[in-house]
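# Results of the structural survey
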Amino acid sequence: MKQHNIVLVGGGSTWTPGILKALTKHLHEFPLKRVVLYDVDEERQEVIGEFAKILFAEEAPEVEFTYTTNKIEAYSDMDFVFCQMRTGGYPMREKDEKIPLGFGVIGQETCGAGGFAYGMRSIRDMIEMVNDVRHYSADAWILNYTNPAAIVALALDRVFPDDKKILNICDQPVNLLRSYGRLINYDYNKFEPTYFGLNHFGWFTHIFDENGNDLAPKIKEMILQGGFRPVDAEQRDQSWLDTYALVEDMVRDFPEYLPNTYLQYYLYPQYKAAKLDSHHTRANEVMEGREKKVFEECRDIVLKGTAKKSQVVHNDAHGDMIVEVAASISNNLRRTYIVIVPNNGIVSNLSNDVMIEVAASLGINGPAPYAVGEIESFYKGLIEGQHAYEKLTVEAYLEGSYTKALQALTLNRTIVDAKKARLVLDALIEANKEYWPELK
Ligand SMILES: NC(=O)c1ccc[n+]([C@@H]2O[C@H](COP(=O)([O-])OP(=O)(O)OC[C@H]3O[C@@H](n4cnc5c(N)ncnc54)[C@H](O)[C@@H]3O)[C@@H](O)[C@H]2O)c1
Ligand SMILES: O=P(O)(O)OC[C@H]1O[C@H](O[C@H]2[C@H](O)[C@@H](O)[C@@H](O)O[C@@H]2CO)[C@H](O)[C@@H](O)[C@@H]1O
Ligand SMILES: [Mn+2]
């Protein structure tokens, strides 16, 4: 089996320890020659990098491991680029969440005005990353987690239409599958799901078992009877438990399909905005929780000189997914994952340029998505509105257009009112001066 060279862009991310753990766990199907962590923040990179040295020495000493802030070292001679950057970091995420809430609309990492602001920041760095990678490793696969994945995917498709080796992914569908598995006490690995939508904006239509029975009706029934919790509920903060709990309301109101958790921001925008605390948002929860814990534990591991029994290298769907996707592509395994691809007729009544999230078989030539066919009016209407918002966001960035930015936010279901959209947009422009192009 081929031994791979891989780089993690955003090597100082809170998710890096989990991905590294997944890499060591999957060596049998995804052998490694060289692993590089790359980040623009030297301090973050050093903490995670020093921890990773210990992890590899203990779990896979044969792997050449380095960390760097140098692009040439990071991107030269790579087979896979795993990308998970956050332009502006958590302090900007905090503004994305708090500024819209100050105007009474949803403030969320990837949805609504917050997702718009984050998207406008991510596009610039993501374009730069692809150009750099292609300069130093023309054939590398780029697997991207960077959010908002829907907007990033659309922007990269626009700017690099002929690049067939960029794949945008999200772990939320597989997290939902794991959570359904826990709910009905069934091995989620045996599920065969059908799913359609945009990223953070989709539905499971069926969840088949290995005998061809659709388990979706049973899952919906159980949710209606006893509520819904994430597979790793014991490790979740309260805000995520609240988010999962509201799936019950969505299933009651719209019982046809099983919704992605993120749809609640669009289906109940006023109710959700009223529930969110504009003084203490998810960004605060993460900075006080996951970020603090990951960095403290990594420092502690370095002091102790061992990563054995560490909590920080706990492994979940996030780490597993990106490594398994890489293994499926590299070894032509043709396993099925839910990924983000150009529509090109997969949902037959949506336009070709929509970046849809669907089940696809992943092999050496990339994703081969399974056909979905026609979708019904409710879903088509929601998706087309959201796609128009995403497209206008990308165009606002590429053209430096204030009008398109205002159109995008007005179309977003979490805002709707154009006067409110203008107020939020102006406040976000002020907060993002360092990152966005000038909008005229
Ligand atoms: N698609 C998904 O389902 C999914 C799941 C989890 C996280 N994410 C995304 O993964 C990313 C990381 O999340 P996090 O919460 O760990 O954030 P984080 O801030 O802890 O980590 C991001 C890292 O990226 C670095 N960075 C910023 N700009 C960079 C650039 N241009 N080049 C290289 N590195 C850069 C930062 O310095 C930071 O260390 C975010 O975009 C997040 O939204 C996506
Ligand atoms: O609010 P955060 O930073 O904790 O999470 C935001 C991300 O939420 C989803 O990711 C899940 C992930 O699916 C799962 O593996 C698990 O570990 O928890 C995460 C949430 O904490 C979402 O898919 C991502 O796009 C978000 O960035
Ligand atoms: Mn996601």
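Residues numbered from 1 in each chain as written. Chains lettered and ligands numbered in written order. Predicted model: local features only at pLDDT ≥ 70, side-chain atom pairs only at ≥ 80, totals over all residues.

## A look at the overall build of the chain
The test is simple: Every helix listed is a DSSP run of H or I at least four residues long, and every strand listed is a run of E at least two residues long, numbered separately from the N terminus. Exposure classes come from backbone-placed C-beta atoms, where a residue is buried if 20 or more other C-beta atoms lie within 10 Å of its own, exposed if 12 or fewer do, and partly exposed in between. Residue pairs are scored as contacts if the distance between their C-beta atoms, which are placed from the backbone, is within 7 Å.
Looking only at helices and strands, the chain features 17 helices and twelve strands. Its C-alpha atoms put the chain at 55 × 55 × 40 Å along the principal axes. Here the chain, with 440 residues, has 50% of them falling under the buried criterion. A sequence separation of at least 24 residues applies to 70% of the contacts in the chain between residues at least 6 apart.

## Quick word on helix α6 (residues 149-159)
For α6, a buried count of eight out of eleven residues is recorded, marking the element as mostly surrounded by other parts of the structure. Among the residues of α6, those classed as buried are Ala149, Ala150, Ile151, Val152, Ala153, Leu154, Ala155 and Leu156.

## Digging into the site of ligand 1
To keep it simple, the criterion reads: Each residue receives a C-beta atom placed from its backbone. It is near a molecule or strand if this atom lies within 6 Å of it. When residues are sorted by character, Ala, Val, Leu, Ile, Met, Phe, Trp, Tyr, Cys and Pro go into the nonpolar class, Asp, Glu, Lys and Arg into the charged class, and all the rest, Gly among them, into the polar class.
Taken together, 25 residues lie around ligand 1, and Gly10, Gly12, Ser13, Asp41 and Asn147 are the ones closest in. Classifying every residue of the shell around ligand 1 gives eight nonpolar, eleven polar and six charged.

## Quick word on the sheet that holds strand β2 (residues 32-38)
Just so we agree on the cut-off: For two strands to be treated as a pair, DSSP must find at least two bridges joining them. Angles here are taken between N-to-C directions and fall from 0 to 180 degrees, while the axes themselves are lines fitted to C-alpha atoms, restricted in helices to the stretch in contact.
Strand order in the open sheet formed by nine strands is β3-β2-β1-β4-β5-β6-β10-β11-β12, and the pairing between neighbours is mixed. The open sheet has two edge strands with one neighbour each: β3 (64-68) and β12 (366-369). Taking the axes of each pair of neighbouring strands and ignoring which way they run, one obtains an average angle of 35 degrees across the sheet.

## Some details on the site of ligand 2
Taken together, Glu109, Asn147, Cys170, Asp171, Gln172, Asn175, Trp240, Arg282, Val286, Asp316, Ala317 and His318 make up the full set of residues adjacent to ligand 2. Secondary structure elements with two or more residues in the shell around ligand 2: α7 (172-184), α13 (282-304) and α14 (317-330). For the shell around ligand 2, the residue count by class is four nonpolar, four polar and four charged.

## Here we look at the confidence of the model for the chain
Here is the rule we go by: Known as pLDDT, the predictor's per-residue confidence is scaled from 0 to 100.
A residue-level look at the chain finds 99% of positions with pLDDT of 70 or above and a mean pLDDT of 97. We note a pTM of 0.98 for the whole complex and an ipTM of 0.98 for its interfaces.

## Comments concerning the packing of helix α2 (residues 42-59) against α13
When two helices pack together, you describe them by how their axes are tilted relative to each other and by the distance separating the axes. The criterion, for reference: To sort the angles, those under 35 degrees are grouped as roughly parallel, those over 145 as roughly antiparallel, those from 65 to 115 as roughly perpendicular, and the leftovers as oblique. When the near helix sits turned anticlockwise from the far one by under a right angle, the crossing is termed left-handed; a clockwise turn instead gives a right-handed crossing.
Where α2 meets α13, the closest approach of the two axes is 9 Å, and the angle between their N-to-C directions is 50 degrees. As far as their axial angle goes, α13 and α2 are oblique. Viewed along their axes, α2 and α13 form a crossing whose handedness is left-handed. Residue-level inspection shows Val47, Ile48, Glu50, Phe51 and Ile54 of α2 in contact with α13, the latter providing Phe295, Cys298, Arg299, Ile301 and Val302. When grouped by side-chain class, the residues that make up the contact of α2 with α13 number eight nonpolar, no polar and two charged.

## Side note on the environment of Asp249
By the secondary structure assignment, Asp249 is in helix α10 (residues 247-253). Accessibility expressed as a C-beta count within 10 Å gives 15 for Asp249, which makes it partly exposed. A sequence separation of 25 residues divides Asp249 from Leu224, and the C-alpha atoms of the two residues are 8.2 Å apart.

## Some remarks on the pairing of strand β7 (residues 192-198)
Here β7 lies mainly inside the structure; five of its seven residues are buried. Summarising the sheet, β7 and strand β8 (residues 201-208) pair through seven bridges and their orientation is antiparallel. Bridge pairing links Pro193 to Ile207 in β8. Linking two consecutive strands that pair antiparallel, namely β7 and β8, is a turn of two residues; a positive phi of about 55 degrees is found at His200 within it.

## A few points about helix α17 (residues 418-431)
The following threshold applies: Here the expected length of a helix is defined as 1.5 Å per residue gap, with one fewer gap than residues. Note that the arc is computed from the directions linking the helix axis to the C-beta atoms.
Here α17 contains 14 residues, and its C-alpha end-to-end distance of 20 Å stays within 8% of the 20 Å for a straight helix at 1.5 Å per residue. When α17 is considered as a whole, its buried residues turn out to be Ala421, Val424, Leu425 and Leu428. Along the axis of α17, the buried positions cluster into a sector of 105 degrees, meaning they face one direction only. Opposite the buried face of α17, by more than 90 degrees, sit the exposed residues Lys419 and Glu430. Where α17 is buried, its residues contact α4 (89-102), α5 (112-136) and α16 (402-411).

## Notes on the sheet that holds strand β9 (residues 258-259)
Pairing is antiparallel in the open sheet, where three strands are placed in the order β7-β8-β9. Lying at the two open borders of the sheet, with one neighbouring strand each, are β7 and β9.

## Regarding the nonpolar core
Selection criterion: A set of buried Ala, Val, Leu, Ile, Met, Phe, Trp, Tyr and Cys residues, joined to one another through C-beta atoms within 7 Å, is what we call a nonpolar core.
With 137 residues, the main nonpolar core has Val7, Val81, Leu143, Ile169, Ile322, Ile356 and Val358 as its most contacted residues. The leading source of residues in this core is α5, at ten residues. For Val7, the contacting residues outside a window of four places in its chain are Val36, Tyr38, Ala74, Tyr75, Met78 and Val81.

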